[in-house]
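Structural overview for review
Residue strings, one per chain:
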Amino acid sequence: MYICICNAVTDKAIRAAVAEGARSIRDLNRELDVGSQCGKCTCVARAILRAEQEQLADQLAYAI
């Protein structure tokens, strides 16, 4: 699903960026230009970022 219409950024691209090390909206902005135009996508992008970070943390905790 498209999260940032202005820059054609999908939720899949955001998840991939988090998996590759993005840790903040600023990181997503640098890598994908999320929120660089109208900014309406930042709330949803932040929610995806946090959910992915929690999921990665759970996977690490489970692996240990």
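Check the entry above for the structure.
Just so we're clear, the structure is a prediction, and the values are computed from it rather than from any experiment. Residue numbers run consecutively from 1 along every chain, following the written order of its sequence. Owing to the predicted nature of the model, reporting of local features is limited to residues with pLDDT of at least 70; listing and counting of side-chain atom pairs is limited to 80 or more, with chain, interface and lining totals taken over all residues. Remark: hydrogens and water are excluded; side-chain values derive from all non-hydrogen atoms of the structure.

Attention now goes to unusual backbone geometry. Positive phi outside glycine occurs at Ala8, with the angle close to 55°. A run of H or I in DSSP counts as a helix once it spans at least four residues, and a run of E counts as a strand once it spans at least two, with each numbered from the N terminus. Looking at the secondary structure, you find Ala8 in the loop between β1 (2–4) and β2 (9–10). In this structure, Asp33 takes a positive phi of about 65° despite not being glycine. Of note, Asp33 is situated in the loop between α2 (25–32) and α3 (42–63). Under the relative-accessibility criterion, Asp33 is labelled partly exposed at 39%. Each residue is placed in one exposure class: buried if its accessible area under a 1.4 Å probe, protein chains only, is under 20% of its type's maximum, exposed if it is over 50%, and partly exposed if it falls in between.

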